[in-house]
Amino acid sequence: MPLGKFSLREVRSRPSRALLTFLSIAIGVGAVVAVLLSVSTTREAQRDMLRAMAGKADLEVIADGTKGFDYSLLKVIRQTPGVDLAVPSIRRYAKLVRGKRSATAQVLGIDPKIDQNVRDYEITSGTPLKKLGEILLDASFARSLELKVGDEIRLLGHGGLRQYAVAGLVTARGTTAVSMNNGAYLLLPDAVSAFGTKSKIDQAHLIVNPQSTPSIVLTALQAALPEAITVQTPPTRNQMAEETMFATENGLYMAIAFALLIAIFIIYNTFQMSVGERRKQIGILRAIGATRSQVSRMILREALWISVIAAAVGCLAGVYGAGFLTSATERLMQVELPGVRLTWLPFLIAVGFGVGVSVLGAILPARRASFVQPIEAIRDLDLADNDNVKRITRPLCVGAFAIGISVTVMAVSGWLPLGGDVVGVVFILLAIVLLIPTVLENVSRSLIRGLRPWLGVEAELAQRQLTRHLGRSALTVGVLYIAISSSIGMAGNILDNVANVNDWYKRTVIGDFFVRATNQSLAVGASPSIPDGIAEQLQQVQGIESIDSVRYLSMRSNDHSVMLIVRDFVGQSDTFFDLVEGTEEDAMAGLSAGKVVIGSVLARRLNLNVGMSLPLEGPHGTEQLPIVAITNEYLAGGLTAYMQRDVAERILDVTGVDAYIVQAEDSKLTEVEQRLQVVCQQNSIVLESYADVVRVINRTVNSVIASLWMLLALGCVIAAMGLVNTLTMNILEQTREIGMLRVVAMTRRQVRRMILAEAALLGMLGLVPGAISGVFISYVIGLSGSRVLGHTITFHFRPGLMFGCLLIGIVVVGIASFIPAERAARLKLANALRYE
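Residues numbered from 1 in each chain as written. Predicted model: local features only at pLDDT ≥ 70, side-chain atom pairs only at ≥ 80, totals over all residues. Heavy atoms only, no water.

> Looking at this structure, I do not really get the overall build of the protein. What am I missing?
Looking only at helices and strands, the protein features 26 helices and 22 strands. Looking at the protein residue by residue over its 836 residues, the buried ones come to 56%. Accessible surface, the protein as shown: approximately 35000 Å² in total, 59% of it carbon and sulfur. (Helix = DSSP H or I, 4+ residues; strand = E, 2+ residues; numbered from the N terminus. Buried < 20%, exposed > 50% of the residue type's maximum accessible area, 1.4 Å probe, protein only. Areas by Shrake-Rupley, 256 points an atom, 1.4 Å probe, with all protein chains shown as cover.)

> Got a minute to help me understand the nonpolar core in this structure?
Within soluble globular proteins, side chains that are nonpolar tend to cluster in buried spots. With 43 residues, the main nonpolar core has V61, F69, I77, L137 and L155 as its most contacted residues. The contact partners of V61, leaving out residues within four places of it in the chain, are F69, I77, D202, Q203, A204, L206, L221, L225, I229, T230 and V231. With 25 residues, the next largest nonpolar core counts A603, L606, L625 and M643 among its residues. (Core = buried A, V, L, I, M, F, W, Y, C linked by side-chain atoms within 4.5 Å. Contact = heavy atoms within 4.5 Å.)

> Any chance you could explain the environment of A224 here in plain terms?
In this structure, A224 sits in helix α7 (residues 214-224). For the pair A224 and L73, spaced 151 residues apart in sequence, the C-alpha to C-alpha distance is 9.8 Å.

> What is the right way to look at the confidence of the model for the protein in this model?
Low pLDDT marks stretches whose predicted atomic positions should not be read closely. For the protein, mean pLDDT is 77; residues scoring 70 or higher make up 74% of the total. Throughout residues 236-244 the model reports pLDDT below 50, and contacts reaching past four residues in sequence, or to other chains, amount to 33 contacts. pLDDT under 50 marks residues 519-527. Its contacts with residues more than four places away, or in other chains, come to 29 contacts. (pLDDT = per-residue confidence, 0-100.)

> Explain helix α18 (residues 584-592) to me, please; I cannot follow it from the model alone.
In an α-helix there are 3.6 residues to a turn, and that puts residues three or four apart on one side. Of all the positions in α18, only E584, A587, M588, G590 and L591 are classed as buried. Each buried residue of α18 sits inside an arc of 165° when the element is viewed along its axis, so together they form one side. Of the surrounding elements, those touching the buried residues of α18 are α16 (470-508), β16 (579-581), β17 (596-599), β19 (621-631), β20 (640-644) and α20 (645-652). Residue G594 follows α18 closely and has a positive phi angle near 95°. (Arc of directions from axis to C-beta.)

> I keep staring at the side chain of D202 and nothing clicks. Help me out?
Assignment of secondary structure puts D202 in the loop between β10 (200-201) and β11 (203-208). The exposure class of D202 is buried, given its relative accessible area of 15%. One polar contact links the side chain of D202 to the main-chain amide nitrogen of R91, over a distance of 2.9 Å. Once you skip the residues sitting within four places of it in the chain, D202 turns out to touch V61, I62, A63, G68, F69, S89, I90, R91 and R92. (Polar contact = N/O pair within 3.5 Å; in protein donor to acceptor, adjacent residues only side chain to side chain.)

> How should unusual backbone geometry be read in this particular structure?
Leaving glycine aside, a negative phi is the common case for residues, and trans is the common case for peptide bonds. One non-glycine residue with positive phi stands out, namely K198, at about 60°. Along the chain, the position of K198 falls in the loop between α6 (188-195) and β10. At D653, a residue that is not glycine, the phi angle is positive and equals roughly 60°. Tracing the sequence through the fold places D653 in the loop between α20 and β21 (659-664). The class of D653 is partly exposed, set by a relative accessible area of 26%.

> Looking at this structure, how should I read the packing of aromatic side chains?
One pair of aromatic rings is described through two measures. These are the centre distance and the angle between the planes. Evaluation of the coordinates by the stated rule reveals seven aromatic pairs. Three or more aromatic residues joined by ring pairs form one cluster here, namely F569, F576, F577 and Y642. (Phe/Tyr/Trp six-rings, centres within 6.5 Å; stacked < 30°, edge-to-face > 60°.)

> Where do I start with the environment of V657 in this structure?
Relative to the assigned elements, V657 resides in the loop between α20 and β21. With 126 residues separating them in the primary sequence, V657 and P531 have C-alpha atoms 8.2 Å apart.

> How should I be thinking about the pairing of strand β3 (residues 83-98) in this particular structure?
Where a strand is regular, its side chains alternate between the two sheet faces. In this structure, β3 lies alongside β11, joined through six bridges in antiparallel fashion. Pairing of S89 across the sheet is with Q203, part of β11. Of the strand pairs in this sheet, β3 and strand β7 (residues 152-157) are connected by three bridges, and their pairing is antiparallel. Its bridge partner lying in β7, V97 is registered against R154. (Pairing = 2+ DSSP bridges.)

> It is not clear to me how α16 should be interpreted in this structure. Could you clarify?
For α16, which comprises 39 residues, the first-to-last C-alpha distance of 56 Å matches the rise-based estimate of 57 Å (1.5 Å per residue) to within 8%. Within α16, 32 of the 39 residues are buried, which leaves the element mostly enclosed by the surrounding structure. (Expected span 1.5 Å × (residues − 1).)

> Where do I start with the pattern of salt bridges in this structure?
Oppositely charged side chains are able to pair whenever their charged atoms sit close together. Following the criterion strictly, the structure yields 11 salt bridges and no others. With a shortest N-O distance of 3.6 Å, D568 and R645 are connected by a salt bridge. Of this pair, D568 sits in the loop between β15 (560-567) and β16 while R645 sits in helix α20, and the two are 77 residues apart along the sequence. Owing to a relative accessible area of 8%, R645 belongs among the buried residues under this scheme. Each of R98, K148 and D151 takes part in salt bridges that share partners, so that together they form one network. (Salt bridge = Lys/Arg side-chain N within 4 Å of Asp/Glu carboxyl O.)

> Looking at this structure, I do not really get the packing of α16 against helix α25 (residues 799-825). What am I missing?
The packing of two helices is summarised by the inter-axis angle and the distance between the axes. The contact between α16 and α25 brings their axes to 10 Å, and the two run at 145°. Here α16 and α25 pass one another in a crossing that is right-handed. Here I484, I488, A491, G492 and L495 of α16 lie close against α25, whose contacting residues are L801, M802, C805 and L806. Class assignment for the residues of the contact of α16 with α25 results in eight nonpolar, one polar and no charged. (Axes fitted to C-alpha atoms, helices over the stretch in contact; angles between N-to-C directions. Left-handed = near helix turned anticlockwise from the far one by under 90°. Nonpolar A, V, L, I, M, F, W, Y, C, P; charged D, E, K, R; others polar.)

> What is the right way to look at the environment of T21 in this model?
Relative to the assigned elements, T21 resides in helix α2 (residues 15-54). On a C-alpha basis, the gap between T21 and A303 in space is 9.3 Å, while along the polypeptide they are 282 residues apart.

Following this line, the structure appears as structure tokens:
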């Protein structure tokens, strides 16, 4: 018996239900695609950037200290058995100036005769480097400064500005991110002079002889070179960048987990209602000869048609969403990323989710319908359905709750990988939803007693209608419950994190003005130094109370990247740190005595506490630096350590300044700013006010928050569609019953009140418990966040947020019920009595 045309007519006859199902699937698929593409694009760009920097090298040799290693060690490296080629280079960040325009670029000092053996780039215009005073520029970087071969450009390096002629333009293969971070090439002697490295180089990339292996050569080099030299395989990712990205990614995954859980319930609920509404038609089909397999295939085919089309639309929407999320990540990482990279995996996962959930939502009711005898299916109501729902959901509820509590406790305790808290919370929410069918009837009856004085007997009719279809009503209540609990939970956690960031920069980013060569890169922990002599010029500016210098250095500690921040710590002693362990007095005294203050993330990662020592690899070997305090920190993902400048100069041979923090007299802020601006313009360096710095921080934070709010909004939209879906289906099913009630003298006003009572019951059953659970979710997420930040984010109970979300939920319920209630009240009696 061919049922395809019958199935198509069924879908066309109920376009509203089909559209709601379609949108639920499309939004769920779009959210999956957006997040997966955004995260994979960012990670792949990082890998490509660092692969392009490491190029074809099998190994790299780098200095553990801050000044590189002596060029004479290159001879030892080249004579090591198994080393086919050793390519030296100097890598620094510097400011390139073209007239009134300037930009920061990564500058490589290279030996052009052998450098392309380890780095993959092509000279597209001009000639290779041949003599001192020449520079190669990345082609896209040159275009941004409107430069061409033969033009002159100045480089802000050690000792001031130096002028170079553009010999050629190059195109690095791999990714457009390299264009922003690897913009210029100098001859090695030129780089030595420009950055004042003397006889030092920063790294050497090695090609291993095919007859040997990288591991054998690595062992041999470790034995031949001093302990202060590190031999390693080229990194495929930057640990600081990973740490900086984690909080964003974890928030994205958590938000999408909630949104998808809502989508699963709505899609399943929709197909349950669809099949339940057609029980009588299915019974007739079975009576006239349709087989069980034909009935099942008919329903599954409908689900497949809708889900495939919706998944395709969702994929297109997801690509657009990925662009937004990638843009937010760009601001957080302070680098330029390539456009969204379209790979098959996110689309396959998303389409698999959409189609899989749709088929799952249809297969269970379809299978049940195919096994019902025709005479039973023709009945208006399956009387055993409610009992079956309770019997199935009770044991599932107990199991889901046990799993959720266990996973959450283990995740918070650190026994599970990061992200385990998401799984635990989802299982707890699922357990509560599975509990709804058991308690729905008694709880709704209790609520009706409170509504009856306002809604009269219509409230009882509404309660009976909801409990007639326990499974459907429970799923709808579950959708509302998950929507509001996840929204309040995620929103509360976002606001707690924002408050933590605000507390951090209000305590630590203190200074009226900041003088720097350029902004330092949080992704790679490097920045150009300020030319010598600037401090003396700043000290001559009248109205300045204090000048504090800062130096940022990328170091190593137990195979972990650490950003060492060296300061003079001039100014008020209570404004340098946002401490989570130790006191300000102890911190300042300890810094003067040669101790360090470390970031909470670094402390967590290396299992360090106050009183222990931080092993920091320096030019004279590994230094054991006592820890005097632990601070909340967001620079470099929290992998930071603070040292006093005189101590760092003595122990680590630190020189140079990346920025000066200027504190001015309150009455002379305007005059000081004008004078500082003159000094900065004369030396081609940057002046920022405290307001400018705060604006940058706020923009970074807001870009991350925006991406999370976007996914929360997706979840709310899905929940709203689910409520409209259920109310509409309930009213359609009651069409004939409403007609009968109207015949026996029920007024239109009473019909409206009955439908509104249904909506009110659904809202109270889902929204109020969900709001309370949302507070719990926010608290749990904050606990698990300590595994990343190294300290617990302070939890804030926000009654305004809870009641605000409740109010929004009530408004959504009211809007969703208004049109169906008005439709029910205006039904024509003749049509209602004939409705099937």
